[in-house]
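Single-letter residue listing:
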Number of protein chains: 2
Amino acid sequence: MIVDISQKILIVGLGLLGGSYARVLKRFGFHISAITKEASSIEYALKENIIDEGSTELDERIIGEADLVIFALYPHIFVQWIEKNQKLLKSGALITDVTGVKGNIVYKIQEILRPDVEFIAAHPMAGREVSGVENSTDKLFIGANYIVTPTEKNTPEAIQTCLELGRLLGFSNVATLSPKEHDEMIGFLSQLTHCIAITLMTCNDKENMENFTGDSFRDLTRIARINDLMWSELFIENKSALLEQMNLFIDKFNELKTMLETEDIESMRKMMRHSTERRALFDKK
Amino acid sequence: MIVDISQKILIVGLGLLGGSYARVLKRFGFHISAITKEASSIEYALKENIIDEGSTELDERIIGEADLVIFALYPHIFVQWIEKNQKLLKSGALITDVTGVKGNIVYKIQEILRPDVEFIAAHPMAGREVSGVENSTDKLFIGANYIVTPTEKNTPEAIQTCLELGRLLGFSNVATLSPKEHDEMIGFLSQLTHCIAITLMTCNDKENMENFTGDSFRDLTRIARINDLMWSELFIENKSALLEQMNLFIDKFNELKTMLETEDIESMRKMMRHSTERRALFDKK
């Protein structure tokens, strides 16, 4: 479906991600429309030729014409939008999303959605420390991962279309995972790392530390500058998977602490060698 | 003293740090000698014109002629060297070091040292993920911190000389701290970060994670590739200060975990805002 550029794509929520989707897809020649909260975002996107048309209202024509709708909203706002406005969607439309948690969202949306519209969930694992359509770029997805998380309710066609969308957007790795696998992976690789960074950044408020900071500390706390509204929601939406990862981390950290207390240098060295070996797997290919 | 380039500098331990010291100081015109374990290191340094002379033996002439001796050895080897070989040092010589922990080393060395030789401790906070004189560079210290940790036993002249050495080497920030302040700071900024990185790297061995890794996880685990021999020794030499920092971290991490368990979104957001504000202090100037 997606390869047919006569079809119309609507982006709901024109921020950093929505704007970056629009930039890439517009380049391919798709008709791109947008619905978003801020008039300034629509103005900017029209001026920059990122979209063909847009509105800050629930424009029935724009919504009703879209063959593919990409929701780039906060999780709870996405659910509310579907609850209230799904009647405006075109029959046969395909909808997808960019939500960073899946188990708590995908089944909920699929349960409440009209039977003549299909939702196929996806998570573009890309971002920047800045937000807004003004910071969007058509290079955001290079080198990044795009994960499609189908359920039993999805058709093979929708899954293929969504995978193809990821490839069109320029993602370097396009894959499918179950919602549960996705949430575990995100709990570990993304959310646990943010929990660690904000803890490190706030656990010792001693003054003057910044004058002695080296690259290690800066690396570990780069993501400690965090959007509190978005991340607190993502943490809570993925609560059980994240708690599991936090517990794995605490247990291992306490093991290391015991090694230090007992000066068990051999176990400490073994853990460090394990760490060194495992880190090699994670180098950029 | 150090500004008099007629004086001779000996480097004991010609690895990454010792070699980088030699490169910079040789450029200023000092006579540089080296004593190290590996013949290949001496050969390389002579060929590259990093040193004027060197030996893998305890050459009595070389040691006896040095006005300033820089020990770039592992902590326990440094202490052993002084115990066994200090009789070879020139009367009136000044000695310094590069050791990454201070409280456990400085007082011990000063206690056993001959009264006609002075030890002024310093910590050059610079390094690379590679080792050996072959990887040394005269740019290693640019942007980095150099901390002198004097005690009551040090003379003002020795402290000034050591601070000047740091400036000559090209460090961007040259400062003094007490050994205790230094160890707390290092425990937090450097050692705790390494504990966190190796814990994160080893707490979940699930396969295939590397295919979904983004920049956040890579940033937090860059230092998880670690020299197990050196870091296990540094951790144990700084045991009490590091345990204190590990406990601060665990307490805060558990607070965050409780916020998540109870879905206390306001406290979570407050912690994230605190983190964001505090991180701004640590940006590179």
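Conventions we followed
- Position numbers for residues count from 1 along each chain, tracking the sequence in the order it is written.
- Chains carry letters from A onward and ligands carry numbers from 1 onward, assigned in written order.
- Given that the model is predicted, a residue must reach a pLDDT of at least 70 before its local features are reported, and side-chain atom pairs must reach 80 or more before they are shown or counted; all residues, however, enter totals for whole chains, interfaces and linings.
- Where helices and strands are cited, they refer to DSSP runs of H or I of at least four residues and of E of at least two residues respectively, numbered from the N terminus.
- Buried means a residue has 20 or more other C-beta atoms within 10 Å of its own C-beta, exposed means 12 or fewer, and partly exposed covers the counts in between; C-beta atoms are placed from the backbone.
- The domain boundaries here were taken from an automatic or database domain assignment.
- By definition, residue pairs are in contact when their C-beta atoms, positioned from the backbone, come within 7 Å.
- By the convention adopted, Pro, Cys, Tyr, Trp, Phe, Met, Ile, Leu, Val and Ala count as nonpolar, Lys, Arg, Asp and Glu as charged, and the other residues, Gly among them, as polar.
- The term nonpolar core refers to a set of buried Ala, Val, Leu, Ile, Met, Phe, Trp, Tyr and Cys residues connected through C-beta atoms within 7 Å.
- For two strands to be treated as a pair, DSSP must find no fewer than two bridges joining them.
- Lines are fitted to the C-alpha atoms to define the axes, a helix being fitted only along its stretch in contact, and any angle between axes, read from their N-to-C directions, falls within 0 to 180 degrees.
- Here the word oblique covers every angle except those under 35 degrees (roughly parallel), over 145 (roughly antiparallel) and from 65 to 115 (roughly perpendicular).
- Helix crossings are classified by the rotation of the near helix relative to the far one: an anticlockwise turn of less than a right angle makes the crossing left-handed, while a clockwise turn makes it right-handed.
- The fit set for superposing copies consists of C-alpha atoms from residues with pLDDT of at least 70 in both; the fit itself is least squares.
- Helix span, expected: 1.5 Å multiplied by one less than the number of residues in the helix.

**Points about the overall build of chain A**
Thinking step 1. The number of helices and strands found in chain A is 11 helices and nine strands.
Thinking step 2. Considering only C-alpha atoms, chain A reaches an extent of 70 × 45 × 35 Å along its principal axes.
Thinking step 3. Residues classed as buried in chain A amount to 48% of the 285 residues present.

**Topic: the domain arrangement of chain A**
Residues and elements named next belong to chain A.
Thinking step 1. For chain A, the assigned domains are domain 1 (8-177) and domain 2 (181-281).
Thinking step 2. Each of domain 1 and domain 2 has a C-alpha centre, and the two are 31 Å apart.
Thinking step 3. With 13 residues of domain 1 at the contact, the number on the domain 2 side is 11 residues.
Thinking step 4. Sorting the residues of the side of domain 1 that touches domain 2 by element identifies α4 (75-85) and α5 (103-112) as the ones contributing at least two each.
Thinking step 5. Its residues assigned to classes, the side of domain 1 that touches domain 2 shows five nonpolar, six polar and two charged.

**A word on helix α5 (residues 103-112) of chain B**
Thinking step 1. All of the buried residues in α5(B) are B:G103, B:N104, B:I105, B:V106 and B:I109.
Thinking step 2. In this structure, the buried residues of α5(B) make contact with α4 (75-85), β6 (118-119), α7 (179-202) and α9 (228-237) of chain B.

**Let's talk about the nonpolar core**
Thinking step 1. Among the nonpolar cores identified, the biggest contains 176 residues, and A:I11, A:A22, A:V69, B:I11, B:A22 and B:V69 are the most heavily contacted of them.
Thinking step 2. Once you skip the residues sitting within four places of it in the chain, B:A22 turns out to touch B:I11, B:L14, B:I32, B:A34, B:A45, B:I50 and B:I51.

**Let's talk about the interface of chain B and chain A**
Thinking step 1. Each side of the interface is counted separately: chain B has 70 residues, and chain A has 71 residues.
Thinking step 2. At the level of secondary structure, the elements contributing two or more residues to the side of chain B that touches chain A comprise α7, α8 (215-221), α9, α10 (239-261) and α11 (265-281) of chain B.
Thinking step 3. With 14 residues, α10(B) is the single largest residue contributor to the side of chain B that touches chain A.
Thinking step 4. Its residues assigned to classes, the side of chain B that touches chain A shows 38 nonpolar, 17 polar and 15 charged.

**Concerning the sheet that holds strand β6 (residues 118-119) of chain A**
Residue and element names in this part refer to chain A.
Thinking step 1. Within the open sheet, the six strands sit side by side as β3-β2-β1-β4-β5-β6. Their pairing is parallel. Both edges of this open sheet fall to β3 (53-55) and β6, since each of them pairs with a single strand only.
Thinking step 2. Taken together, the three bridges between strand β2 (residues 31-35) and β3 define a ladder with parallel strand orientation. Looking at the pairing, A34 lines up with G54 of β3.
Thinking step 3. The sheet contacts of helix α2 (residues 39-47) involve β2 and β3, and relative to β3 the element is tilted by about 175°.

**Quick look at the sheet that holds strand β9 (residues 173-176) of chain B**
All names here are of chain B.
Thinking step 1. Read from one edge to the other, the open sheet built from three strands follows the order β7-β8-β9, with strand pairing classed as mixed. Looking at strand neighbours, the two that pair on one side only are β7 (122-125) and β9, the edges of this open sheet. Each adjacent strand pair in this sheet contributes to an overall mean axis angle of 15°, direction not counted.
Thinking step 2. Examined bridge by bridge, β7 and strand β8 (residues 145-148) share four bridges and lie antiparallel to one another. What sits directly across from P124, in β8, is Y146.
Thinking step 3. Packed onto the sheet, helix α6 (residues 156-169) meets β7, β8 and β9 and runs at close to 170° relative to β8.

**Looking at the packing of helix α7 (residues 179-202) of chain A against α11(B)**
Thinking step 1. The N-to-C vectors of α7(A) and α11(B) enclose an angle of 65°; their axes lie 9 Å apart at closest approach. The angle between the axes of α7(A) and α11(B) places the two elements in the roughly perpendicular class. In this structure, α7(A) meets α11(B) at a crossing whose hand is left-handed. Of the residues in α11(B), those in contact with A:I198, A:M201 and A:T202 of α7(A) are B:M271, B:M272, B:H274, B:S275, B:R278 and B:R279.
Thinking step 2. For the contact of α7(A) with α11(B), the residue count by class is four nonpolar, three polar and two charged.

**Some thoughts on the relation of the copies chain B and chain A**
Thinking step 1. Of the two same-sequence chains, chain B is brought onto chain A (RMSD 0.0 Å, axial shift 0.0 Å) by a rotation of 180°. Those values place the two copies in the arrangement expected of a two-fold rotation axis. Minimal C-alpha separation from the rotation axis in chain B is found for B:L220, amounting to 2.3 Å.
Thinking step 2. Here 100% of the interface residues in chain B have copies in chain A that are interface residues too; the copies meet face to matching face.

**Details of α6(B)**
Thinking step 1. With 14 residues, α6(B) should cover 20 Å at 1.5 Å per step; its first-to-last C-alpha distance of 20 Å lies within 8% of that length.
Thinking step 2. Once α6(B) ends, the next one or two residues include B:G170, with phi positive near 100°.

**Regarding the environment of A:R279**
Thinking step 1. For A:R279, the position within the fold is in helix α11 (residues 265-281).
Thinking step 2. Among all residues touching A:R279, those that are not within four sequence positions of it are B:M201, B:T221, B:A224 and B:R225.

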